[in-house]
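Now for the letters of each chain:
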There are 2 protein chains.
Amino acid sequence: MEEEDLMQKKNIDYTLYLVTDRRWLGKRSLADAVEEAIEGGVTMVQLREKEMSSRAFLETALAVKEVTDRYGIPLVINDRIDIAYACNADGVHLGADDLSIFVAREILGADKIVGASAATLEEALALEAEGADYLGVGAVFPTGTKSDADHVTLEQLARIKSAVHIPVVAIGGIDAEKVDSVMKTGVDGVAVVSAIMARKDVRAAASRLMELLKASLRR
Amino acid sequence: MEEEDLMQKKNIDYTLYLVTDRRWLGKRSLADAVEEAIEGGVTMVQLREKEMSSRAFLETALAVKEVTDRYGIPLVINDRIDIAYACNADGVHLGADDLSIFVAREILGADKIVGASAATLEEALALEAEGADYLGVGAVFPTGTKSDADHVTLEQLARIKSAVHIPVVAIGGIDAEKVDSVMKTGVDGVAVVSAIMARKDVRAAASRLMELLKASLRR
């Protein structure tokens, strides 16, 4: 089982990486929105919740995991290693203000995905050395979701991608118009929040992004 | 080592249990306020933080633990099992909106303290059966700290204390005037927030409470 998980960890498709945000949900549940996004083509999901009790976060995580498991899509939990453990998520994503990769590895084990956020080449190399399975690098464009994010140019993004040996996902203000220029840096995928979550038709938004990503990857 | 920890777990002094709150800190650090409270007689500390990044919470926990370790006082972390693990705290305290005792035990192991909040006899018995090491029961009096807390009468508190075999700490609006009536229910200690943290002289407030607790225990 562990070997199988380790194998699976190497075969993760980072192409279209959705970070959840419940701001634009309206009356839908988060799990329903995630399902629509997966039907549109999302290949990986990060559940991000900031204003919830631990128990409510876990309940949301379990509801989303029921969907991601059904579609065979990896689910990672933002920040909360204990929630990732409790819902048996595929892993955790650690931002700059979160706990260390070391602690995540101790609690979750070697077979889980531990991703980390980097904004500089130095950070990227350090996080790779600490054992990150992939990096989220950004913000490549100004973003309304995280207004305090550091800016990373596409040149810096390309340099980080060539310097590390783990998958790199670009994040920050990426929409359909910017997909091609981002993918030209050689990154393994794009992480989006509002470009999918803020759209009325989540499925169509994900589908359009996926088409553009496929076109970029063919070049 | 594990046996030693298990032994220590049985010898914990729950008499004067401080729950931290940074609202009244002013210019002091939380670690300094905790040190004053311990000097006054506090026998156990629960670190409670709600509005902080995981990394800042961990840094605070490490600073407080430096103090509690120096005085040989147990430190438990409110809610966050991952933070408790990361700082190697003596344990965790789980409220009704937090993760389960099962998850805490899985992550932290058998030798750590796992406490839980109960507001009814049914909850108390269920949490004891799930493996809680102690119970925080309340709110026994109206409290400004947690305005949504369920009310537990002193009669109910006494009934819970007789029904379970683990230590019971009363919590909720307990101050110097109420210590004696609370201790008469047979509980193992009182947990206080504002009765220590909101006082100008934290050391003196803790010391006064400890005198009253000792007087109650002598009777």
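Residues numbered from 1 in each chain as written. Chains lettered and ligands numbered in written order. Predicted model: local features only at pLDDT ≥ 70, side-chain atom pairs only at ≥ 80, totals over all residues. Heavy atoms only, no water.

Participant: I'd like to hear about the environment of Val-45 of chain A, residue by residue, with values.
Facilitator: Residue and element names in this part refer to chain A. Mapped onto the fold, Val-45 is located in strand S2 (residues 44-47). Among the residues examined, Val-45 registers a relative accessible area of 0% and is labelled buried. Along the backbone, Val-45 and Ala-191 are 146 residues apart, and their C-alpha atoms lie at a distance of 9.1 Å. Apart from residues lying up to four places away in sequence, Val-45 is in contact with Leu-18, Thr-20, Val-34, Ile-38, Thr-68, Ile-73, Pro-74, Leu-75 and Val-76. (Helix = DSSP H or I, 4+ residues; strand = E, 2+ residues; numbered from the N terminus. Buried < 20%, exposed > 50% of the residue type's maximum accessible area, 1.4 Å probe, protein only. Contact = heavy atoms within 4.5 Å.)

Participant: Run through the side chain of Glu-35 of chain B, naming residues and quoting values.
Facilitator: Examined against the element boundaries, Glu-35 of chain B turns out to sit in helix H2 (residues 30-40). In this structure Glu-35 of chain B touches Val-67, Arg-70 and Tyr-71 of chain B, once residues within four positions along its chain are discounted.

Participant: Summarise the pattern of salt bridges; cite the residues concerned and give the values.
Facilitator: Counted by the stated rule, this structure contains 30 salt bridges over all chains. For Arg-70 of chain B, the salt bridge identified is with Glu-35 of chain B, shortest N-O distance 3.0 Å. Remark: Glu-35 of chain B occurs in helix H2 and Arg-70 of chain B occurs in helix H3 (residues 54-71); sequence separation between them is 35 residues. We note a salt bridge from Arg-219 of chain B to Asp-180 of chain B, for which the minimum N-O separation is 2.5 Å. Residue Arg-219 of chain B is found in the segment after helix H10 (202-218), and its partner Asp-180 of chain B is found in helix H8 (residues 179-183); the two are separated by 39 residues along the sequence. Since its relative accessible area comes to 67%, Arg-219 of chain B is described here as exposed. Three or more residues joined by partner-sharing salt bridges are found here, namely Arg-80 and Asp-82 of chain A together with Arg-80 and Asp-82 of chain B. (Salt bridge = Lys/Arg side-chain N within 4 Å of Asp/Glu carboxyl O.)

Participant: An account of the sheet that holds strand S4 (residues 91-94) of chain B is needed here, citing residue identities and associated values.
Facilitator: Residues and elements named next belong to chain B. Read around the closed barrel, eight strands run S1-S2-S3-S4-S5-S6-S7-S8, paired in parallel fashion. On average, adjacent strands in this sheet sit at an angle of 25° to one another, irrespective of strand direction. One ladder, built from three bridges, connects strand S1 (residues 16-19) with strand S8 (residues 189-192); its direction is parallel. Paired with Leu-16 across the bridge in S8 is Val-190. (Pairing = 2+ DSSP bridges. Axes fitted to C-alpha atoms, helices over the stretch in contact; angles between N-to-C directions.)

Participant: Pulling in residues and values, what's your account of H2 of chain B?
Facilitator: Every α-helix winds through 3.6 residues per turn, so residues three or four apart in the chain are directed the same way. Residue and element names in this part refer to chain B. Counting buried positions over the eleven residues of H2 gives nine, a clear majority of the element. Among all positions of H2, only Leu-30, Ala-31, Ala-33, Val-34, Glu-35, Glu-36, Ala-37, Ile-38 and Gly-40 are buried. Where the residues of H2 are buried, they touch S1, strand S2 (44-47), H3, helix H9 (194-197) and H10. Looking one or two residues past H2, Gly-41 carries a phi angle of roughly 135°, positive in sign.

Participant: Hey, could you go over a negative patch on the surface for me, with residue numbers and the actual values?
Facilitator: Residue and element names in this part refer to chain A. A cluster of like negative charges, contributed by Asp-97, Glu-122, Glu-123, Asp-148 and Asp-150, occupies part of the molecular surface. Within the fold, Glu-122 resides in helix H6 (residues 121-129). Looking at Glu-122, the relative accessible area reads 57%, which means it is exposed. (Patch = residues over 30% accessible without salt bridge, like charges linked within 9 Å, V, L, I, M, F, W, Y side chains within 5 Å. Areas by Shrake-Rupley, 256 points an atom, 1.4 Å probe, with all protein chains shown as cover. Lys, Arg positive; Asp, Glu negative; His and termini not counted. Charge placed at Lys NZ, Arg CZ, Asp CG, Glu CD.)

Participant: Tell me what's going on with the relation of the copies chain B and chain A, and back it up with residues and numbers.
Facilitator: The two chain copies are connected by a rotation around an axis plus a translation along it. Once turned by 180° and shifted 0.0 Å along the axis, chain B lies on chain A with an RMSD of 0.0 Å. The superposition of one copy onto the other is thereby described by a two-fold rotation axis. Taking the C-alpha atom as reference, chain B places Asp-82 of chain B closest to the rotation axis, 2.6 Å from it. Here 100% of the contact residues of chain B are again contact residues in chain A; the copies associate through an equivalent surface. (Least-squares fit on C-alpha atoms with pLDDT ≥ 70 in both.)

Participant: An account of unusual backbone geometry is requested, with residue identities and associated values reported.
Facilitator: All names here are of chain A. Cis rather than trans, the peptide bond between Gly-138 and Ala-139 has omega equal to 10°. In this fold, Ala-139 is placed in the loop between strand S6 (134-138) and helix H7 (154-163). Of note, the phi angle at Asp-79 is positive, near 75°, even though the residue is not glycine. With respect to the helices and strands, Asp-79 occurs in the loop between strand S3 (75-78) and helix H4 (81-86).

Participant: Break down the interface of chain B and chain A for me, citing the residues and quoting the values.
Facilitator: Contact residues are listed per partner, giving 18 residues for chain B and 19 residues for chain A. Scanning the region where chain B abuts chain A turns up two salt bridges. The shortest N-O distance in the salt bridge between Asp-82 of chain B and Arg-80 of chain A comes to 4.0 Å. One can count 14 residue pairs in polar contact (both at pLDDT 80 or more) joining chain B with chain A. Among the elements of the structure, H3, helix H4 (81-86) and helix H5 (101-108) of chain B are those that each provide at least two residues to the side of chain B that touches chain A. (Polar contact = N/O pair within 3.5 Å; in protein donor to acceptor, adjacent residues only side chain to side chain.)

Participant: Provide a residue-level description of the packing of H2 of chain B against H3 of chain B, including the pertinent values.
Facilitator: All names here are of chain B. Contact geometry of H2 with H3 gives a least axis separation of 9 Å together with a crossing angle of 20°. On the basis of their axis angle, the class for H2 and H3 is roughly parallel. For the pair H2 and H3, the sense of crossing is right-handed. Residues Leu-30, Ala-31, Val-34, Glu-35, Ile-38 and Glu-39 of H2 lie in contact with H3, whose contacting residues are Thr-60, Ala-63, Val-64, Val-67, Thr-68, Arg-70 and Tyr-71. Each residue belonging to the contact of H2 with H3 can be placed in one class, and the counts come to eight nonpolar, two polar and three charged. (Parallel < 35°, antiparallel > 145°, perpendicular 65-115°, else oblique. Left-handed = near helix turned anticlockwise from the far one by under 90°. Nonpolar A, V, L, I, M, F, W, Y, C, P; charged D, E, K, R; others polar.)

Participant: Give me the packing of aromatic side chains: which residues, what numbers.
Facilitator: Residue and element names in this part refer to chain A. Counted according to the given criterion, the structure contains four aromatic pairs over all chains. Between Tyr-17 and Tyr-134, the ring centres sit 5.7 Å apart and the planes meet at 55°, which makes this aromatic pair tilted. One end of the pair, Tyr-17, is in strand S1 (residues 16-19); the other, Tyr-134, is in strand S6, and 117 residues separate them in sequence. The pair formed by Tyr-17 and Tyr-134 is uniform in burial state, with each residue classed as buried. (Phe/Tyr/Trp six-rings, centres within 6.5 Å; stacked < 30°, edge-to-face > 60°.)

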